[in-house]
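Each chain, letter by letter, is given below.
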Amino acid sequence: MIIIKSDRELAVMRKAGRVVALVWEALEGAIKPGMSTKELDTLAETTIRRLGARPAFLGYQGFPASICTSVNDEVVHGIPSEKVVLEEGDILSVDLGAIVDGFYADAAFTVAVGKVPREVKRLLEVTEESLYKGIEMMREGRRLSDISHAIQSHVEGAGFSVVRQYVGHGIGRSMHEEPQIPNFGPPGVGPVLRKGMVFALEPMVNMGHWKVQVGPDDWTVRTEDGSLSAHFEHTVAVTDGEPEVLTRR
Ligand code: MG
């Protein structure tokens, strides 16, 4: 069952989304060569708490940090560490979430650390664009898989691949609610979208093959072929008009 949020609940989720957007901004401004991912985690946690929220990821199924930091061929769920120091030419994916008054917001972005080749820049651009292609489908009357299809078409049209094993999700009083939202599939299938549905859309896009594997720490997911991977995510509400991106900066 997909939980419909009331206007009052949506107002709280908007606050959680605002916190996530502000933390995203703070992190993006801080990321530079020489910085460890642990330092970024500390900045994220401090900022989330200063804004009166709680980090959504800390302790979630035992996750030991407030953000996920995934470098280069790492796809998602990388654990911040003082041993992981960013270098010029890396790409870094940051996934972050906040809880305000019992409601969650979730977002992710990938940035280039210093200069990266043109093709890598394109990977980041295409991944973010595909997220917005999905968001564009979050309108009353559309079907769930219209989102999936829009994302996949854009990514594969650009010559990249979408990860199959991890998917977007409903979000509200829990970080992961129904439905699951794959980033691939045919259009026109699944539940009809209604006002008050809130989803975290999150395409994970690989430069090479879509296959991924979980590392020895039981968290970090990497591309199987070692190719680079990017990740963008927003928490978005279906309204009676334009989709509302709750985590927009
Ligand atoms: Mg998510």
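Note: the structure precedes this text.
Since the model is a prediction, treat every value here as computed from it, not as a measurement. (Residues numbered from 1 in each chain as written. Predicted model: local features only at pLDDT ≥ 70, side-chain atom pairs only at ≥ 80, totals over all residues. Heavy atoms only, no water.)

Turning next to the pattern of salt bridges. Under the criterion given, the structure shown has 13 salt bridges. The partner of R222 in a salt bridge is E74, and the shortest N-O contact between them spans 3.3 Å. Linking R222 in strand β12 (residues 221-223) with E74 in strand β3 (residues 74-76), this pair joins segments that are 148 residues apart in sequence. Taking the relative accessible area as the measure of exposure, R222 reaches 33% and is therefore partly exposed. Residue classification places E74 among the buried residues on the basis of a relative accessible area of 14%. R164 serves as the salt-bridge partner of E156, at 3.9 Å between the closest nitrogen and oxygen. (Salt bridge = Lys/Arg side-chain N within 4 Å of Asp/Glu carboxyl O. Helix = DSSP H or I, 4+ residues; strand = E, 2+ residues; numbered from the N terminus. Buried < 20%, exposed > 50% of the residue type's maximum accessible area, 1.4 Å probe, protein only.)

Our focus in this paragraph is the coordination of the magnesium ion. At 2.1 to 2.3 Å from the magnesium ion lie its protein donor atoms, namely D106 (OD), H169 (NE2), E202 (OE) and E233 (OE). For the magnesium ion, the donor residues sit on a single chain with the sequence spacing D-x62-H-x32-E-x30-E. Taken together, the residues H169 in strand β7 (residues 168-170) and E233 in the loop between β13 (229-231) and β14 (234-237) connect sequence positions 64 residues apart. In this structure, H169 and E233 share a single accessibility class: buried. (Donors = N, O, S within 2.8 Å, 3.2 Å for Na, K, Ca; no water.)

For the rest of this paragraph, the subject is the packing of helix α1 (residues 7-30) against helix α2 (residues 37-50). Where α1 meets α2, the closest approach of the two axes is 10 Å, and the angle between their N-to-C directions is 145°. α2 is crossed by α1, and the crossing has right-handed handedness. Counted together, V19, V23, A26, L27 and A30 of α1 and L40, L43, A44, T47 and I48 of α2 form the full contact between these two elements. Per-class residue counts for the contact of α1 with α2 are nine nonpolar, one polar and no charged. (Axes fitted to C-alpha atoms, helices over the stretch in contact; angles between N-to-C directions. Left-handed = near helix turned anticlockwise from the far one by under 90°. Contact = heavy atoms within 4.5 Å. Nonpolar A, V, L, I, M, F, W, Y, C, P; charged D, E, K, R; others polar.)

So, about the pairing of β14. Because side chains alternate across β14, one face comprises the buried residues H234 and V236, and the other comprises T235 and A237, equally buried. Bridge analysis of strand β9 (residues 198-201) against β14 gives four bridges, and the strand direction is antiparallel. Counted as the bridge partner of L201 is H234 from β14. Strand direction decides the pairing type here: β14 and strand β15 (residues 244-245), joined by two bridges, are antiparallel. Across the sheet, A237 pairs through a bridge with E244, a residue of β15. Here β14 folds back onto β15 in antiparallel fashion, the turn holding six residues. (Pairing = 2+ DSSP bridges.)

Moving on to the nonpolar core. One finds I31, L40, L92, F109, I147 and F199 to be the most contacted residues of the largest nonpolar core, which totals 73 residues. Looking at which element gives the most residues to this core, the answer is α1, with 10 residues. Core analysis: the next-biggest nonpolar cluster, separate from the first, contains seven residues, V75, Y166, V212 and V221 among them. (Core = buried A, V, L, I, M, F, W, Y, C linked by side-chain atoms within 4.5 Å.)

This part is about the side chain of D90. Looking at the element boundaries, D90 is found in the loop between β3 and β4 (91-100). Buried and unpaired, D90 has no salt bridge, with R222 as the nearest side chain of opposite charge at 11 Å. Looking at D90, its side chain comes within polar contact range of the side chain of N72, at 3.0 Å. Contact partners of D90, with chain neighbours within four places excluded, come to V71, N72, V85, V111, A112, V113 and V116. (Lys, Arg positive; Asp, Glu negative; His and termini not counted. Polar contact = N/O pair within 3.5 Å; in protein donor to acceptor, adjacent residues only side chain to side chain.)

A few words on the sheet that holds strand β6 (residues 161-162). Across the sheet, which stays open at both edges, the three strands sit in the order β6-β10-β13 with antiparallel pairing between neighbours. The outermost strands of the open sheet, each flanked by one partner alone, are β6 and β13. Alignment of strand β10 (residues 204-206) against β13, held across three bridges, turns out to be antiparallel. In the strand pairing of β13, N206 is matched with S229. Strands in contact with helix α3 (residues 118-136) are β10 and β13; relative to β13, the strand with the most contacts, it is inclined by about 35°.

These figures come from the coordinates and say nothing about function on their own.
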